[in-house]
Structures are given as C-alpha cells and as structure tokens.
Amino acid sequence: MPQSNAKLVGKLALETEFGPFLGDTRIRLLEAIDRHGSISQAAKAVPLSYKAAWDALDAMNNLAEEPLVVRTTGGKHGGGTVLTDYGRKIIGLFRAMEQEYQDALDRLTERMDEVQSGDMRKFQSMMRRLSMKTSARNQFVGKIVGLREGDVDFEVRIRLEADHEVVAVITRESAETLELAIGKEVFAFVKASSPVLITDPALKITARNQLWGEVVQIHDGPVNSEVTLALSGGKSVTAVVTKNSIENLGLAPGVKACAVFKASSVILAVYA
C-alpha cells in the first residue's frame with residue numbers, strides 16, 4: 001500500500017521492561033468494574049475469562065503504588081470488587097495520554113511520505129524488542145532497603161509495602177550490572193511454582209521470604225491448582241500447589257496462609 005494512503009492507528013500500552021502494566025484491555029476492565037462492581041460481570045463486558053481478569057487485577061495492584069481495586073466482603077449483595085479513587089485517576093490519565101498518543105500518530109502520518117521504507121522497518125523491529133514480556137506469575141516492584149555484600153553473592157532486601165519485604169540473593173556480577181543501591185526501585189519476579197504454602201504460624205522454616213495473606217482465589221486444575229493470597233496493601237502472591245496439598249491444609253477463600261520461597265528464587269530487574 002502506498003505510504004501516502006497509510007494511517008497509523010495504535011493503542012497505548014504502558015509497560016515495564018518485562019511485562020505489561022496498563023493497556024486498553026486492562027483499562028476497559030477497570031472501567032467495567034467501576035460500572036458493575038463485580039469482577040465476573042466486568043470480565044464478561046470486556047470480554048475476558050474470569051481467571052484472566054483476576055490475574056490482570058492482581059498484576060496491576062502489585063505494580064501500582066496504591067491499589068487500583070479493592071475486594072469487599074459482606075453487605076447486601078455479599079461483597080464485590082470496587083474501583084478506588086486512585087484507580088479512577090489512573091483511568092483518566094490513561095485516556096488523556098491515549099488521546100495525546102493518537103494525535104502524535106496523526107502528525108506522524110502526515111509525514112510518512114518523507115520516511116524511507118528501510119527506516120520504518122528498523123523502527124518496527126525496535127518496537128517489537130521493546131515489547132518483551134516475562135512468564136513469571138508474581139511481579140512486584142519496590143525500593144531497595146538493604147544490601148549485604150558477601151564474597152560471591154549479594155543479599156538484596158526490597159520493601160514492597162509497610163508490612164512486606166522480599167529478599168533476593170544474586171551474584172556480585174549481577175548486582176554490579178544492575179547498579180543496585182539503597183533507595184533504587186527494582187522489579188522482583190517469582191515464578192508461581194516457587195512458593196510453598198503453609199498455614200501454621202508456629203512452623204519454623206529457613207526460607208527468607210514469608211508473605212502472609214488471605215486466600216482469595218483458587219483456580220483448580222486436573223492435578224495442580226493456583227492459589228492466590230491477598231496481602232495487606234492490595235498486593236497479592238500466587239502459588240501453584242497440588243490439589244492434595246489444598247485439601248491437607250484446608251485452603252479455601254478466607255483462610256490465612258503464608259507463601260514461602262527461597263531468596264534464590266527471586267529474579268531482579270531494573271530500568272535500563
């Protein structure tokens with residue numbers, strides 16, 4: 001198609017370097033929650049599967065400075081999911097940025113006749129590289145509050161919120177490459193297969209990371225299930241455990257549990 005007939009139309013996506021934070025689908029999900037006050041109805045309106053909607057909300061709350069949505073219990077209709085004031089502000093800012101983004105694309109369209117086809121291909125290739133994603137189910141962001149240097153490894157403490165920290169152990173080379181320092185913001189990734197769930201507070205364990213929360217979702221599979229714990233402050237952590245373990249621990253929505261994982265299971269990343 002001749003460039004003079006081309007028009008650039010895009011959807012704004014706000015991403016970390018290792019995965020999406022906000023995009024059109026997630027914004028529409030937040031808007032639907034504001035309208036319906038129900039995750040199931042909002043998921044149908046987008047449309048998304050119920051599980052995909054929960055996963056998206058957990059990811060957004062984990063990466064946001066404040067919760068975008070909160071879960072409510074009890075009440076006349078038995079509880080639901082409510083958009084926070086901060087969530088409404090994020091929607092408004094996103095829609096304003098989206099309009100600015102489209103205006104910029106419109107201006108670029110007017111100049112496409114001046115752009116060489118080779119340059120456009122390089123630009124497209126660069127955009128694909130910037131769309132890198134991670135398969136890690138648990139994605140957290142926080143600031144470094146502690147660094148302990150060893151002969152080979154570095155121990156890094158990341159404050160997620162007032163009540164929770166994550167500890168990572170990485171090599172000296174990795175610490176130097178990431179240029180880690182107290183106060184620096186980092187991303188912490190933990191695969192859902194890494195955490196082990198416990199329910200006994202008196203149990204003594206050696207794992208450095210112990211995130212206590214309340215079971216809010218259990219997605220059953222034929223052998224294993226995904227269990228999501230809601231942490232204080234609106235964040236969450238998900239673990240993959242066997243169905244036998246769920247039965248043995250008596251896990252169900254509302255039950256207190258702890259996600260335990262080794263410091264070596266945490267992968268760190270920073271903005272370049």
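An unreviewed UniProt entry lists the protein chain under the name TOBE domain-containing protein, from Azospira inquinata. The Sequence similarities (unreviewed entry) comment attached to the protein chain in UniProt states, word for word, "Belongs to the ModE family."

A.B. asks: Can you walk me through the environment of Gln-210 in this structure?
C.D. replies: With respect to the secondary-structure elements, Gln-210 resides in strand E10 (residues 209–220). Using a relative accessible area of 35% as the deciding quantity, one classes Gln-210 as partly exposed. Sequence separation between Gln-210 and Glu-165 is 45 residues, and the spatial gap between their C-alpha atoms is 8.6 Å. Not counting the four nearest positions on each side in its chain, Gln-210 is found in contact with Ile-205, Cys-258, Ala-259 and Val-260. Here the side chain of Gln-210 touches Ala-207 through a polar contact of 3.2 Å, landing on its backbone oxygen.

A.B. asks: Looking at this structure, I do not really get helix H1 (residues 24–36). What am I missing?
C.D. replies: Since one α-helical turn is 3.6 residues long, residues separated by three or four positions face the same way. Here H1 contains 13 residues, and its C-alpha end-to-end distance of 18 Å stays within 8% of the 18 Å for a straight helix at 1.5 Å per residue. Among all positions of H1, only Asp-24, Arg-26, Ile-27, Leu-29, Leu-30, Ala-32 and Ile-33 are buried. At the C-terminal side of H1, Gly-37 shows a positive phi close to 65°.

A.B. asks: How should I be thinking about helix H3 (residues 50–63) in this particular structure?
C.D. replies: An ideal rise of 1.5 Å per residue puts 20 Å on 14 residues; H3 measures up with 20 Å between its terminal C-alpha atoms. Counting buried residues in H3 gives 11 out of 14 residues, a clear majority hidden from the surface.

Cut-offs and rules
Residues numbered from 1 in each chain as written. Predicted model: local features only at pLDDT ≥ 70, side-chain atom pairs only at ≥ 80, totals over all residues. Heavy atoms only, no water. UniProt positions renumbered as here; feature names shortened; annotations may be inferred. Helix = DSSP H or I, 4+ residues; strand = E, 2+ residues; numbered from the N terminus. Buried < 20%, exposed > 50% of the residue type's maximum accessible area, 1.4 Å probe, protein only. Contact = heavy atoms within 4.5 Å. Polar contact = N/O pair within 3.5 Å; in protein donor to acceptor, adjacent residues only side chain to side chain. Expected span 1.5 Å × (residues − 1).

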